[in-house]
Amino acid sequence: MPKLEPMTPTSIHVIAFGMIAEKIKTKELVLEYMPDTEVLLGYLYQQFPDLKQTKFSIALNKKMVVGKTFIPVGAEVALLPPFSGG
Amino acid sequence: MDRFTRQTILPGFGTAAQQKLKLSRVLVVGVGGLGCPILLYLAAAGVGTIGIVDGDMVSLSNLNRQVIFGEGDLGMNKAETAAHFLKAKYSDIKINCIPEFLTTQNIKVILSQYDLIIDGSDNFPTRYLVNDACVLLGKPLVFGAVYQNEGQVAILNGNGQNSINYRDIFPDPPTAYEIPNCNETGVLGVLPGIIGTLQAAEAIKFLTGYGETLVDKMLFYNLLSHQSYTMELSQNPDSRKGIPSSIEALEVTDYAIICGDGDSIDWEEAFDLLGKFAGGTLIDVREADEYPKLKGYPYQSVPLDLLDEKHQEWLNSELILLFCQSGVRSLKAVKILEKHFPGKKIHSISGGIEAPDSPIYN
């Protein structure tokens, strides 16, 4: 697992669950500032093309968001896929 | 003193909460890794009426996590076995046994008889079916699911008109290839034990008003790190698009197809095709220890893992039909064989050996 970059005053903290963590090959990422969730998704899809085939929901500071949403500096962004097992 | 003394003396719970449990009617969907602990704790806590719905049979590979069952139960219906087990333990609660799979046809009648639904199923078509029916019938739903070493728990549709439902979080069902289930990726038995126990706890809290619940929240739990993450859920404008407009519309919706099962055919079509193609092959892609076995028809048994390696065997088959337990692995099998034989007719049988039209029931 790659070493996590230290947080800077402008970075954001991305955490991933389930098969999203498998596809981005880590449970946590520190990224330089991303203005909104669309820019973040564009970046993630470019870095990890496999992600495009997986549905997931996004939470910003522990609240689920829908559509293009502004990301505050220092935010924690979670990438949350559905599970079906039981 | 009665069998509930240890919870009725609990400050804030008391006999009033116990009475609420006694009057509650709860339906548990699926008696698998989640359903077993859910049932054990609801029955122990004194939930007055418990419905158990499952058409599946116990197989050997279930026993690492489905703790109600033992070696003597192999091949038995899960709902009947669990109902018998709980009735023998407690005489003061009512157990309704429904030894069938939930379908678009029976879901309205079954769900209508309960105040709270708990989803312990193991596949997306059932999860979306249960969610949509709960929205249309106004039933609160305790959701729980696992993937490898992680689990999710939420109370959906528990807040009246403003409730969040599963489609607010995930509007469109993933395809079967996207998200594998326990049969394909493996699971330690304790994980559904923990997640199912959390579902039982949430059900008891919700029914009695005890403590803070996961209404409109989803909890994520990781068994390996013990980290948990709780997010507040939000409404999604796309949520309603996928839900049938009424329970009557739901009754004619095909949940296997909306969950990306479109390459599949049903058992009737399968036998039809096998009759037409003399060189057709039927293959069971389950592991050797999975039941029930297909009887009365010629077929080969080749576990999914070995399919790629053995593909040469079907070089001369014009038609290859694949089945498994529930229709998930056989879809993967189609993709594997299509790579080797792009021109051949290759289909998965929808719903697998457990499908309502499966020859094991006819």
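All values reported here derive from a predicted model rather than from experimental measurement.

Caption draft 1: Representation of the nonpolar core in the model. Judged by nonpolar contacts, the single largest core of 44 residues is most densely connected at Leu 39, Leu 42, Ile 50 and Ile 52 of chain B. Residue contacts for Leu 42 of chain B: discarding those within four places in its chain leaves Val 26, Val 28, Val 47, Ile 50, Ile 118, Ala 200, Ala 203 and Ile 204 of chain B. Counting 42 residues, the second-largest nonpolar core is a separate cluster that includes Ala 78 of chain A together with Ala 154, Ile 164 and Ile 169 of chain B.

Caption draft 2: Inspection of the domain arrangement of chain B at higher detail. Residue and element names in this part refer to chain B. Domain annotation for chain B reports domain 1 (5-258) and domain 2 (264-361). Distance between the C-alpha centres of domain 1 and domain 2: 31 Å. If you look at the interface, domain 1 gives 15 residues, while domain 2 gives 15 residues. Here domain 1 packs against domain 2, burying approximately 1400 Å² in sum over the two surfaces, 61% of which is carbon and sulfur. Taken together, the connections running from domain 1 to domain 2 amount to zero salt bridges. The tally of links between domain 1 and domain 2 comes to one residue pair in polar contact (both at pLDDT 80 or more).

Caption draft 3: Representation of unusual backbone geometry. Across the junction of Tyr 291 of chain B and Pro 292 of chain B, the peptide omega takes the value -5°, indicating a cis bond. In this structure, Pro 292 of chain B sits in the loop between strand 10 (280-284) and strand 11 (300-301). Within the chain, Lys 62 of chain A stands out as a residue other than glycine whose phi angle is a positive 70°. Note that Lys 62 of chain A resides in the loop between strand 3 (57-60) and strand 4 (63-65). Its relative accessible area of 39% is what places Lys 62 of chain A among the partly exposed residues. Its identity as a non-glycine residue notwithstanding, Asp 216 of chain B has a phi of 60°, on the positive side. Looking at where Asp 216 of chain B falls in the secondary structure, it is placed in the loop between helix 9 (190-208) and strand 7 (217-222). Relative accessible area serves as the criterion here: at 13%, Asp 216 of chain B is assigned to the buried category.

What counts as what
Residues numbered from 1 in each chain as written. Chains lettered and ligands numbered in written order. Predicted model: local features only at pLDDT ≥ 70, side-chain atom pairs only at ≥ 80, totals over all residues. Heavy atoms only, no water. Core = buried A, V, L, I, M, F, W, Y, C linked by side-chain atoms within 4.5 Å. Buried < 20%, exposed > 50% of the residue type's maximum accessible area, 1.4 Å probe, protein only. Contact = heavy atoms within 4.5 Å. Domains from an automatic or database assignment. Buried area = accessible area lost by both parts, 1.4 Å probe. Salt bridge = Lys/Arg side-chain N within 4 Å of Asp/Glu carboxyl O. Polar contact = N/O pair within 3.5 Å; in protein donor to acceptor, adjacent residues only side chain to side chain. Helix = DSSP H or I, 4+ residues; strand = E, 2+ residues; numbered from the N terminus.

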